Amino acid sequence: MPHRMAMLVFDDFATMDVGIPGQFFHTAEGPDRRKLYEVRTCTPDGEPVRGPAGYAIMPDHDLSLLEWADTVIIPGVHGGPPFEGVLDHEVTEALNTFKGRIVSICTGAFVLAAAGLLDGRPAATHWRYAAKFRRLYPNVLLNPDVLFVDDGDILTSAGVAAGTDLALHIIRSDFGTEVANRVARRCVTAPFREGGQAQFIERPLPPAQGASTESTRAWMLSRLDEPLDLNALAAHARMSVRTFTRRFREETGLSPARWLNRQRVEHARQLLEQTGLPVDEVARQAGFGTAVSLRQHLHAAVGVSPIAYRQTFRPQAALRRTTSATSSS
């Protein structure tokens, strides 16, 4: 049975936030092409709600949909009562009695905070509204500098596109990196930006001049198992080390070393999920050299050891293969 997701939409909804669940979760498929999620939409009273772009959403459901759902998703709101700290009693009660996972995108965190669900808990929202959020909800441990916060049963994201990062994080956590990467490819977006990455706050960058580092990034990805120092990278890009480092950061928001480390961690995760290679070999192919180094970097990224990570995802992969074989027989 697909994981059931109820999207609760309010008046003056953020248009892209509403589109993310239907696009990303609907795209997620198992190896047998079966849908892994079912997304349905509701409003507090089942009546249409309007967005700022000149159209309305006519939902199929009201709050009773939450009784069906495994996960509730709250898209962002641009204004109206939820954005001002006012929430209907029925909505507050429905959210507080819900027993599954709750997710907010962008200013959807205002809804969760108004319902009292974020008191004493870490959360993210759009950096532009951080001051207002803190004024309304001083008991929430707001972190306006990250893309998303996963606090177990409640997950919150920063503005707009960070909702796609959170969606892919959820898919990755539920069904593994392979599925999440397939969704990212189909939706033509970056497969991975960790939650702790800084939001892209308004800090204008100077326009890039001359060659890009894109070809060198592709070259790096094809050689993750090789030692790659800054001099070699700059030489490939035909730039000085100083120019290459500056331009790389302008184009990716990261230093070359930090970007390369993230790609290696991601590759190691794929190998741990999708192969039975020994941890030493995973470390070698991912460019970490030793199992000790891989363990340190993976633990820093996701909080678990390589063996624990594999035990989390490999049984799920085996189950999906078994289910696929049973369905096709």
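As the structure is a prediction and not an experimental result, all values here were calculated from the model.

Reading the values: rules and limits
Residues numbered from 1 in each chain as written. Predicted model: local features only at pLDDT ≥ 70, side-chain atom pairs only at ≥ 80, totals over all residues. Heavy atoms only, no water. Helix = DSSP H or I, 4+ residues; strand = E, 2+ residues; numbered from the N terminus. Buried < 20%, exposed > 50% of the residue type's maximum accessible area, 1.4 Å probe, protein only. Contact = heavy atoms within 4.5 Å. Areas by Shrake-Rupley, 256 points an atom, 1.4 Å probe, with all protein chains shown as cover. pLDDT = per-residue confidence, 0-100. Pairing = 2+ DSSP bridges. Right-handed = clockwise from strand over helix to strand, strands pointing away. 1 Å grid on protein atoms, 1.4 Å probe; cavity = no way out; pocket = protein on both sides within 12 Å on 5 of 7 lines; lining within 4 Å. Points joined across faces, edges and corners; volume = space filled by probe spheres on them. Nonpolar A, V, L, I, M, F, W, Y, C, P; charged D, E, K, R; others polar. Axes fitted to C-alpha atoms, helices over the stretch in contact; angles between N-to-C directions. Parallel < 35°, antiparallel > 145°, perpendicular 65-115°, else oblique. Left-handed = near helix turned anticlockwise from the far one by under 90°. Phe/Tyr/Trp six-rings, centres within 6.5 Å; stacked < 30°, edge-to-face > 60°. Lys NZ or Arg CZ within 6 Å of the ring centre and 35° of its normal. Arc of directions from axis to C-beta.

## Thoughts on the overall build of the protein chain
- Helix and strand counts for the protein chain come out as 13 helices and 10 strands.
- When burial is assessed residue by residue, the protein chain has 47% of its 329 residues classed as buried.
- For the protein chain, the proportion of contacts with a sequence separation of at least 24, taken over those separated by at least 6, is 65%.
- If you sum the accessible surface of the protein chain, you get close to 15,900 Å²; carbon and sulfur atoms cover 52% of it.

## Details of the confidence of the model for the protein chain
- When pLDDT is averaged across the protein chain, the result is 86; 88% of the residues are at 70 or more.
- Counted against residues more than four places away or in other chains, residues 194–210, with its pLDDT under 50, gives 33 contacts.
- Note that pLDDT drops below 50 for residues 316–329; the model gives that stretch 10 contacts with residues more than four away or on any other chain.

## Focus: the pairing of strand β5 (residues 71–74)
- The side-chain alternation of β5 yields two buried faces, one formed by Thr71 and Ile73 and the other by Val72 and Ile74.
- As paired strands, strand β1 (residues 3–8) and β5 are joined by three bridges and run parallel to one another. For Met5, the partnering residue across the bridge sits in β5 and is Thr71.
- The sheet contact formed by β5 and strand β6 (residues 101–104) spans four bridges and is parallel. Bridged to Ile74 within β6 is Ser104.
- Since β5 and β6 lie parallel, the crossover through helix α2 (residues 89–97) that links them has a hand, and here it is right-handed.

## Points about empty space enclosed by the protein
- In total, this model carries one cavity of 30 Å³ or more according to the counting rule given.
- Here the largest cavity defines a volume of roughly 50 Å³.
- Every residue lining the largest cavity is listed: Pro21, Phe25, Ile73, Val103, Ile105, Gly163, Leu166, Ala167 and Ile170.
- The element contributing the most residues to the lining of the largest cavity is helix α5 (residues 162–175), with four residues.
- When its residues are assigned to classes, the lining of the largest cavity shows eight nonpolar, one polar and no charged.

## Notes on the packing of helix α1 (residues 15–27) against α5
- The contact between α1 and α5 brings their axes to 10 Å, and the two run at 30 degrees. Looking at the two axes, α1 sits roughly parallel to α5. Our pair here, α1 against α5, has a crossing hand that is right-handed. Contact with α1, carried on its side by Met16, Ile20, Phe24 and Phe25, involves Gly163, Thr164, Ala167, Leu168, Ile170 and Ile171 of α5 and no other residues of that element.

## Quick notes on the packing of aromatic side chains
- Applying the stated criterion across every chain yields a total of 10 aromatic pairs.
- Between Tyr37 and Phe175, the aromatic rings sit 5.4 Å apart at their centres with planes inclined by 90 degrees, giving edge-to-face as the arrangement. Here Tyr37 is found in strand β2 (residues 37–42), whereas its partner Phe175 is found in helix α5, with 138 residues between them in sequence.
- Classification of Tyr37 as buried rests on a relative accessible area of 3%.
- Assessed through its relative accessible area of 16%, Phe175 is described here as buried.
- Where Phe110 meets Tyr137, the ring centres are 6.3 Å apart and the plane angle is 75 degrees; that geometry is what we call edge-to-face. Separated by 27 residues along the polypeptide, Phe110 in helix α3 (residues 108–114) and Tyr137 in the loop between α4 (130–136) and β8 (141–142) bring together distant segments of the chain.
- In this structure Tyr137 comes out as buried when scored by relative accessible area, which is 9%.
- In textbook terms, an aromatic cluster arises when at least three aromatic residues are bridged by ring pairs, as seen for Phe83, Phe110, Tyr129, Phe133 and Tyr137.
- In this structure, Arg40 is placed above the aromatic ring of Trp68, and the distance from its NZ or CZ to the ring centre is 4.3 Å.

## What to know about the sheet that holds β5
- Taken in spatial order, the six strands line up as β2-β1-β5-β6-β10-β9 in an open sheet, and their pairing is mixed. Sheet topology places β2 and β9 (148–150) at the edges, where each strand pairs with a single neighbour. Pairwise comparison of adjacent strand axes, ignoring direction, gives a mean angle of 15 degrees for this sheet.
- Note that β9 and strand β10 (residues 154–157) share three bridges and pair antiparallel. Considered in β10, the bridge of Asp150 is made with Leu155.
- Sheet strands touched by α5: β1, β2, β6, β9 and β10. Its angle to β10, the strand with the most contacts, is close to 150 degrees.

## A look at helix α7 (residues 214–221)
- Inspection of α7 places Thr216, Arg217 and Met220 among the buried residues, and these make up the whole buried set. Buried residues of α7, seen end-on, are gathered within an arc of 105 degrees and therefore sit on one face of the element.
- Looking at the buried positions of α7, the neighbouring elements they touch are α8 (230–237), α9 (241–252) and α10 (256–274).

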